[in-house]
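Architecture and fold: a report
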Amino acid sequence: MNDAQARTMRHGERPLIFALDYPGYRTEAKVEDLQLDQYGLRIRNLLRHPLPRVVDGAAYVSRILAGSSAGDGPVAAVAAYCTSAPFAFEVAAVVSRSQQRSPKIILFDAEASTPDMILESYRAALSGIGVQSTEQELRKSVDMALLAADPRRFVDLLIHNIEREVIAVLQADGSGEEEATESARHMANAYADWLSHLVSSYRSSVVSSDFEVLNIISADGPPKGFECAAGVVRDVRMTCDRARLLRSEETRSAVLSALAVV
């Protein structure tokens, strides 16, 4: 498809891609940096604020799909970056039930959310406010068994801990109680979005024999392919690094080829 053809296509005829790209700040390129819209594709990032505060993959996806309309046309692919990868299977399963064919799944440096990753995110959040803890100390203070037994309570406890620690740090620096409490609430809310994302990703299903999966991996990305049960899984390693993966011409070409947009 050339540029002229792309410009002349009516809105409803352009293939639609549901993207799953967490909206928080990062130094690496984002899905939008691939500029696939210039090649006749419509891109809709489903991860937009306000993000769901749930702790289950299916429920998370139900919330982010709530604003989508059947009038948007068929979904050609579901594309996901990093720990959003498990959601791609949940989204594809929902989409498949509403249209005649299954969308392709395209993953970028896909990683599974794990208990260790969730604990590390908590450690990083504490570190960001000046509270240093070793992994051993964290494991003593956080009941990781709750992640499986009562994930809602697990998330609430970690968010409460972050808010409490922020208040303590700010008051130690001279902030008043009201100011410290308000600032702590904002910081805890931001972490609540990310923690809910990680926990829901961890509690997602990545099993389906119906999907065709293209797993695009950067040169310094995960050492092995994303583990999932699908009909066809193809791993392709790029020559670019992780930071440039989603603005690389090499990656763009792989996506366009997979969608037969050339």
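Just so it is clear, the structure is predicted and the values come from calculations on it, not from any experiment.

**Looking at the pairing of strand E3 (residues 75–81)**
- When you tally the buried positions in E3, you get 7 out of 7 residues, the bulk of the element.
- The pairing of strand E1 (residues 16–20) with E3 spans 5 bridges and is classified as parallel. Its bridge partner lying in E3, Leu 16 is registered against Val 75.
- As paired elements, E3 and strand E4 (residues 104–108) share 5 bridges and run parallel to each other. In the strand pairing of E4, Val 78 is matched with Ile 105.

**Focus: the pairing of E1**
- Burial analysis of E1 places 5 of its 5 residues in the buried class, the great majority of the element.
- The alternating pattern of E1 places Leu 16, Phe 18 and Leu 20 and Ile 17 and Ala 19 on opposite faces, both of which are buried.
- Pairing geometry for E1 and strand E2 (residues 42–45), over 4 bridges, is parallel. By the bridge assignment, Ala 19 is partnered in E2 with Asn 45.

**Here's the deal with the nonpolar core**
- If you look at the biggest cluster of nonpolar residues, it comprises 30 residues, and the most contacted ones within it are Phe 18, Leu 20, Val 91 and Leu 107.
- Those elements giving two or more residues to this core turn out to be E1, helix H2 (57–64), E3, helix H3 (85–98) and E4.
- Sort the elements by how many residues they give to this core and H3 lands first, with 7 residues.
- Dropping the residues within four chain positions of it, Phe 18 is found in contact with Arg 44, Leu 46, Leu 65, Ser 68, Val 75, Ala 77, Val 78, Ala 79, Val 91 and Val 95.

**Points about the sheet that holds E4**
- Strand order in the open sheet formed by 6 strands is E2-E1-E3-E4-E5-E6, with parallel pairing between adjacent strands. Lying at the two open borders of the sheet, with one neighbouring strand each, are E2 and strand E6 (232–237). The mean angle between the axes of side-by-side strands here comes to 20°, regardless of whether they run parallel or antiparallel.
- Contacts from H3 reach E1, E3, E4 and strand E5 (212–217), with the element oriented near 160° to E3.

**Quick word on the environment of Ala 112**
- Tracing the chain through its elements places Ala 112 in the loop between E4 and helix H4 (115–128).
- The class for Ala 112 is partly exposed, based on a relative accessible area of 40%.
- It is 9.1 Å that separates the C-alpha atoms of Ala 112 and Leu 198, two residues lying 86 residues apart in sequence.
- Among residues more than four places away in sequence, those in contact with Ala 112 are Met 117 and Phe 226.

**So, the state of the cysteines**
- Scanning all chains against the criterion turns up 0 disulfides.
- Of the cysteine sulfurs around Cys 82, a residue in no disulfide, the closest is that of Cys 240, at 15 Å.
- Left unpaired, Cys 228 is separated from the closest cysteine sulfur, that of Cys 82, by 15 Å.
- A residue is classified by how much of its surface remains accessible, and Cys 228, at 22% relative accessible area, is partly exposed.

**A few points about unusual backbone geometry**
- The omega angle of the peptide bond from His 49 to Pro 50 is 0°, so this bond is cis rather than trans.
- Inspection of the secondary structure puts Pro 50 in the loop between E2 and H2.
- Here Gln 35, not a glycine, exhibits a phi torsion of approximately 55°, which is positive.
- Here Gln 35 is to be found in the loop between E1 and E2.
- The phi angle at Cys 82 is positive, at roughly 55°, despite the residue not being glycine.
- Tracing the backbone through its elements, the reader meets Cys 82 in the loop between E3 and H3.
- In this structure Cys 82 comes out as buried when scored by relative accessible area, which is 14%.

**As for the packing of H4 against helix H8 (residues 177–202)**
- Between H4 and H8, the least distance of the axes is 10 Å, while the angle of their chain directions is 170°. Taken together, the axes of H4 and H8 lie roughly antiparallel to each other. Every residue of H8 that contacts H4 at Pro 115, Met 117, Ile 118, Ser 121, Tyr 122 and Ala 125 is listed here: Tyr 191, Trp 194, Leu 195, Leu 198, Val 199 and Tyr 202.
- Per-class residue counts for the contact of H4 with H8 are 11 nonpolar, 1 polar and no charged.

Criteria and thresholds
- Residues numbered from 1 in each chain as written.
- Predicted model: local features only at pLDDT ≥ 70, side-chain atom pairs only at ≥ 80, totals over all residues.
- Heavy atoms only, no water.
- Buried < 20%, exposed > 50% of the residue type's maximum accessible area, 1.4 Å probe, protein only.
- Helix = DSSP H or I, 4+ residues; strand = E, 2+ residues; numbered from the N terminus.
- Pairing = 2+ DSSP bridges.
- Core = buried A, V, L, I, M, F, W, Y, C linked by side-chain atoms within 4.5 Å.
- Contact = heavy atoms within 4.5 Å.
- Axes fitted to C-alpha atoms, helices over the stretch in contact; angles between N-to-C directions.
- Disulfide = S-S within 2.5 Å.
- Parallel < 35°, antiparallel > 145°, perpendicular 65-115°, else oblique.
- Nonpolar A, V, L, I, M, F, W, Y, C, P; charged D, E, K, R; others polar.

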